[in-house]
Amino acid sequence: MQKTTIAILGAGAWGQALADLASQNGHEVRVWSRRGSATLEAVISGAEIILSAIAMKGVSDLVSQVKSIPLSPNTILVTATKGLDPQTTSTPSQIWQIAFPDHPVVVLSGPNLSQEIQESLPAATVVASENTAAAELVQLVFSSPIFRVYTNPDPIGVELGGTLKNIMAIAAGVCDGLHLGTNAKAALVTRGLTEMVRIGQSWGAKTETFYGLSGLGDLLATCNSPLSRNYQVGYQMASGKTLTEILAHTAGTAEGVNTCQVLVQRAQQYTIPIPLTQQVYRLLQGEITPRQALEELMLRDIKPEYHY
Ligand SMILES: NC(=O)C1=CN([C@@H]2O[C@H](COP(=O)(O)OP(=O)(O)OC[C@H]3O[C@@H](n4cnc5c(N)ncnc54)[C@H](OP(=O)(O)O)[C@@H]3O)[C@@H](O)[C@H]2O)C=CC1
Ligand SMILES: O=C(CO)COP(=O)(O)O
């Protein structure tokens, strides 16, 4: 394909992995980080695609900074952040789209543990947008023999899959840390997916999106890998460490911790039942032990698996 100019905002683990994938495909890649010497203006100037891979806590501020710089009206904005805004409960793509209503916004999300991608192990991902042409261009830019990229027309569903599974990954880490066995893990992941679908429906996401790569796919990857920072948080909590101790020694961002708080707030507002998230929240708050969280989940009122 034709060489494309891409600005990657955020030089963390994920921003760097995505920059390397695009570079390997022969594109002109410029990386911006708040610690780097290049200005944001110089990095995004003339870029056809601007991809943000920064942690959720910096998204609103970064959006304001980009907004103060004139962009070509065709510039495609891609978000790869997996989190929720604590003030508004908005997703990153909603924040970008509100600030740039006339620009195509694309969500990139999937089972993509950055370390495996940096080791050139094969992976697949999803690029989702209401603007099909924009999603197809981003698909072309990143597709390679080691990175298979699918398009999808449900950006909010794709984004929420990657965001909500982080809470389930914390729970899965607890499950493995307590050595609860394979049956327990299967029950947790399956009921976790049900909870993700329920929350997603309240946001207007399509149910089937959660059964794809960005939902079930990412849930399986992060709930089963010690490479996941969210899984690590849960695993270490099971050994009795406090959240403060764990985060002090965690390299990189475990978004599930903040996402859990925001989700509890949103679930209260919209009366969404979120039993697993609620127990992860209480555990992270230090209100209960991992064993108490397990007991609370197992001893809830019995009920049908689905309300058909
Ligand atoms: N790592 C992975 O496997 C994957 C991560 N993600 C998601 O990508 C996002 C980033 O994760 P990851 O790269 O792993 O995290 P890292 O902790 O490695 O990097 C975080 C990045 O965000 C930047 N950042 C944080 N706060 C701000 C701010 N206020 N303003 C500007 N930049 C800021 C950091 O800049 P600085 O270096 O200057 O602190 C750094 O570039 C997360 O939402 C994560 O869930 C998605 C898929 C895979
Ligand atoms: O989102 C990820 C893989 O798809 C990365 O998971 P962690 O943020 O838990 O490391």
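Residues numbered from 1 in each chain as written. Chains lettered and ligands numbered in written order. Predicted model: local features only at pLDDT ≥ 70, side-chain atom pairs only at ≥ 80, totals over all residues. Heavy atoms only, no water.

## Quick notes on the layout of surface pockets
Item 1. If you add up the space inside the largest pocket, you get close to 1100 Å³.
Item 2. Lining the largest pocket we find 37 residues, and of these G12, A53, I54, A55 and T253 sit closest to its centre.
Item 3. Of all the secondary structure elements, the ones that give two or more residues to the lining of the largest pocket are α1 (13–24), α3 (59–67), α5 (114–118), α7 (155–177), α9 (213–223) and α10 (229–238).
Item 4. Among the residues forming the lining of the largest pocket, the class breakdown is 12 nonpolar, 16 polar and nine charged.
Item 5. Space inside the second largest pocket adds up to approximately 690 Å³.
Item 6. Lining the second largest pocket are 29 residues, and of these L188, L276, L297, M298 and R300 lie nearest its centre.
Item 7. Counting only elements with at least two residues in the lining of the second largest pocket, the list comes to α7, α8 (182–203), α13 (275–284) and α14 (290–298).
Item 8. The element contributing the most residues to the lining of the second largest pocket is α8, with seven residues.
Item 9. Grouping the amino acids of the lining of the second largest pocket by side-chain chemistry returns 20 nonpolar, two polar and seven charged. (1 Å grid on protein atoms, 1.4 Å probe; cavity = no way out; pocket = protein on both sides within 12 Å on 5 of 7 lines; lining within 4 Å. Points joined across faces, edges and corners; volume = space filled by probe spheres on them. Helix = DSSP H or I, 4+ residues; strand = E, 2+ residues; numbered from the N terminus. Nonpolar A, V, L, I, M, F, W, Y, C, P; charged D, E, K, R; others polar.)

## Things to note about the UniProt feature "binding site: NADPH" (unreviewed entry) in the chain
Item 1. Within this structure's numbering, the places UniProt gives as "binding site: NADPH" (unreviewed entry) are W14, R34, R35, K82, S114, R229 and E255. With the annotated positions falling across 242 residues, the maximum pairwise C-alpha distance of 22.6 Å shows that they are not confined to a single cluster. Checking the named residues against the largest pocket, the ones that line it are W14, R34, R35, K82, S114, R229 and E255.
Item 2. Looking at where S114 falls in the secondary structure, it is placed in helix α5.
Item 3. Filtering out sequence-adjacent residues up to four positions away, S114 remains in contact with A13, W14 and A17.
Item 4. Topologically, E255 is positioned in the loop between α11 (243–248) and α12 (256–270). (UniProt positions renumbered as here; feature names shortened; annotations may be inferred. Contact = heavy atoms within 4.5 Å.)

## Here's the deal with the packing of α7 against α10
Item 1. Relative to each other, α7 and α10 sit at 35°, their axes nearing to 6 Å. Crossing geometry of α7 relative to α10 is assigned as right-handed. The residues of α10 that touch α7, namely those facing N166, A169, I170, A172, G173, V174, D176 and G177, are N230, Y231, V233, G234, Y235 and A238.
Item 2. Among the residues making up the contact of α7 with α10, the classes are represented as eight nonpolar, five polar and one charged. (Axes fitted to C-alpha atoms, helices over the stretch in contact; angles between N-to-C directions. Left-handed = near helix turned anticlockwise from the far one by under 90°.)

## Thoughts on the pairing of strand β6 (residues 123–128)
Item 1. Counting buried residues along β6, six of its six residues qualify, which places the element largely inside the surrounding structure.
Item 2. Relative to β6, strand β5 (residues 105–109) is paired through three bridges, and the arrangement is antiparallel. Residue pairing for β6: L108 is matched across the bridge by V127.
Item 3. In the sheet, β6 pairs with strand β7 (residues 147–152) via six bridges, with the strands oriented parallel. Following the sheet pairing, A128 is matched in β7 by N152. (Buried < 20%, exposed > 50% of the residue type's maximum accessible area, 1.4 Å probe, protein only. Pairing = 2+ DSSP bridges.)

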